[in-house]
Amino acid sequence: PLALTVQGEGPLQNLDVQLALDADGQRTLAGSAQLRGQPEGLGFNVNLGGPISTLIPAQYRGFFGADPRLQAAGVSRDAGGLLLSSLTLSSAALQLEAAAETAADGFLTNLSLDATIADPSNQAVLLPVAGGDTTLQSAKLTATYGEAGSEAWRVDLDVADLRTSSFAARDTSLEINGQARNLQDPANRQITYALSGGLTGITAEDEAIQEALGDSINLSSRGGWKSGQPLSLGQLELAAHSFVARLSGDVQDLAFNGKIALEAADIAPFSELGGRDVSGGLTLAADGELRPISGAFNLVLDGTGSELRIGEPAADNLLEGTTRLTGRVARTTQGFEAENFRIANEQLELDANGTFSTEAADFQFDAAVSDLALLSERASGRLTATGTAKGRASDLKIDFVAEAPQGKLLDRNLTQARLGFDGRMQQGNLNGRV
C-alpha cells in the first residue's frame, strides 16, 4: 500500500511544499520544494531523497542504494525559457551534475553535464534496464554546449566492460563535437556535428554473430542543422568485420529521407532486429523514406542476396543461391503498396504491383516455383500462380489461379493440374467458386 502526501500553503511567489511517500507504512521518499519570486521569474529549489529502492525490483537495488538524492535549483523565467543553475543526482552507483539553460522559445542554449556510473567497491554494476542482465564496470558521460559564449560543443561517452547475456564489449566510446552558432537567434541558429566512436573487444555467444561482427564496430558521421531546415546526415557509417551500413539524407518530423546501403557478407548480426535467426550475404541499396516510430516506409530497392536464410525451411529452400530484389515497396497509413516489386532466383520468381489496405485494394501478383519439392517432400513439379484483389473492403473481388503442368502432390501424379478461385469478400464473408 502506498500513501503520498504533498502539502503546502501560500502564494506561489513564496511557497514551501513538503512531499512524503510511504510504502507499507515505511517512508521511502521525502523532501521539499521552495518556490520564490525573483526579478526574472519564479525560482525553485528542490531537495528529495530516501530509500526509494524498496519500491524497485530487488536485483536493481544495488544501483540505487539506501539513500539516492535529487537536488535542483533554477528559475522559470517570466519571459519564457528555463535556467537550471544546478542539478545533482546521486545514488550508490550514479553521480550526476548538470546545469542548463533554454531560450524563450524553449531551445537549448547552454548545457554542462558530468555523469559517472561505478560501484564504490569496484564491482560490476547491474543497470536498471529491460532484461535484467546488462552490466558494466564503469561509464562516464560529459557534455559541454554553449558555455561562456563558446560556439564549440562536445559530448564524450566512455563505457568499460559492457555485458549482456549474449554480448560483451571491452570498451565503448563515442565522441561528438561541432559548432553551435546564433543560439539566441531563432531564425539563424546553426549546429554542425562530427561523430566518431565504436566498440572494441567484442565477444558474442552466437558464433555466426561473432564472425560477422569481429572484434570491433566503428561508427562515424558528419552533418548539421539550420533553422527551418531538416537535420542533414552526411554519410553515417556503421562498420564491422563483415558488414558496412551507410545512411545519407535528411531527418525531419521523426522521418528519414535519403539513401540507405548495406553490404554484408553475413546478416547474422541483424537477427535480433528481425526477431528471427537470419544469415547469408546481402548487398542492398534503398532510396526513400523511413519512419522508425510508426514503422512506415516508402523505398525503392535494388539488392542481391547470397544463400539467404530466415529460419523457415520452405523459405530457405526458395532463397538458395543468388537472389535479386528490385522495385518499390511502401507501408503507409493508406496500406501496403508495391510497384514493379520483384524477387527472383533459380527457384522462385515473384512480381507484385498495386495497393492493399483494410479499406480497399487494387493488387496483383505473379509467382513461379521451379519445383514444389522445395516446399514439401510429398510434392514435385513446376508451379505458377497469379492472383488479384480489387475493390473496397465491403465488396472485394478476389481471383487466384495456380497451375502445375506435370508433377506430384501427396504422392499422386499431376498432369495439367489447375486450381482456381474467383469470388467476392462482402461484409466479412467470402463467397466464390473453386
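The preceding data block contains the structure.
The rules behind the values
- Residues numbered from 1 in each chain as written.
- Predicted model: local features only at pLDDT ≥ 70, side-chain atom pairs only at ≥ 80, totals over all residues.
- Heavy atoms only, no water.
- Helix = DSSP H or I, 4+ residues; strand = E, 2+ residues; numbered from the N terminus.
- Rg over C-alpha atoms; globule rule 2.2 N^0.38 Å.
- Areas by Shrake-Rupley, 256 points an atom, 1.4 Å probe, with all protein chains shown as cover.
- Lys, Arg positive; Asp, Glu negative; His and termini not counted.
- Charge placed at Lys NZ, Arg CZ, Asp CG, Glu CD.
- Polar contact = N/O pair within 3.5 Å; in protein donor to acceptor, adjacent residues only side chain to side chain.
- Contact = heavy atoms within 4.5 Å.
- Patch = residues over 30% accessible without salt bridge, like charges linked within 9 Å, V, L, I, M, F, W, Y side chains within 5 Å.
- Salt bridge = Lys/Arg side-chain N within 4 Å of Asp/Glu carboxyl O.
- Buried < 20%, exposed > 50% of the residue type's maximum accessible area, 1.4 Å probe, protein only.
- Phe/Tyr/Trp six-rings, centres within 6.5 Å; stacked < 30°, edge-to-face > 60°.

Mind showing me how you'd approach the overall build of the protein chain here?
In terms of regular secondary structure, the protein chain is built from four helices and 29 strands. What you see for the protein chain is a C-alpha radius of gyration of 29 Å, clearly larger than the 22 Å of a compact globule of 434 residues, by over 25%. By principal-axis analysis of the C-alpha atoms, the protein chain measures approximately 90 × 55 × 50 Å. As displayed, the protein chain offers around 24500 Å² of accessible surface, 54% of which is attributable to carbon and sulfur atoms. Taken together, the 32 basic and 55 acidic charged side chains of the protein chain have centroids lying 6 Å from each other.

What should I look at first to understand the side chain of Arg-77 in this one?
Among the structural elements, Arg-77 can be located in strand S5 (residues 69-77). Side chain to side chain, Arg-77 and Glu-40 meet in a polar contact 2.9 Å long. Not counting residues up to four positions away in its chain, the partners in contact with Arg-77 are Glu-40, Gly-41, Leu-82, Leu-83, Glu-101 and Thr-102.

Would you mind showing me how to read a nonpolar patch on the surface here?
Residues Phe-400, Leu-419 and Val-434 make up a contiguous nonpolar surface patch of roughly 300 Å² in combined accessible area. Along the chain, the position of Phe-400 falls in strand S27 (residues 395-409). The exposure class of Phe-400 is partly exposed, given its relative accessible area of 30%.

Just to check I follow, could you spell out a negative patch on the surface for this structure?
Taken together, the side chains of Glu-205, Asp-206, Glu-207 and Asp-277 make up a negatively charged region of the molecular surface. Within the secondary structure layout, Glu-205 lies in the loop between strand S14 (190-204) and helix H2 (207-213).

Even after reading the chapter, I still don't get the packing of aromatic side chains, so can you show me in this structure?
Between two aromatic rings, the relevant description is the distance of the centres plus the angle of the planes. Considering all chains together, one arrives at seven aromatic pairs under this definition. Between Phe-336 and Phe-363 the ring centres are 6.3 Å apart and the planes differ by 55 degrees, which places this aromatic pair in the tilted class. Taken together, the positions of Phe-336 in strand S22 (residues 335-344) and Phe-363 in strand S24 (residues 360-369) put the pair 27 residues apart, joining distant regions of the chain. Between the aromatic rings of Phe-365 and Phe-400, the centroid separation amounts to 6.4 Å while the plane-to-plane angle is 35 degrees, which identifies the pairing as tilted. Placement of the pair is Phe-365 in strand S24 and Phe-400 in strand S27, with a sequence separation of 35 residues. Residue class for Phe-365 comes out partly exposed when judged on its relative accessible area of 24%. In this structure an aromatic cluster arises from ring pairing among Phe-336, Phe-356 and Phe-363.

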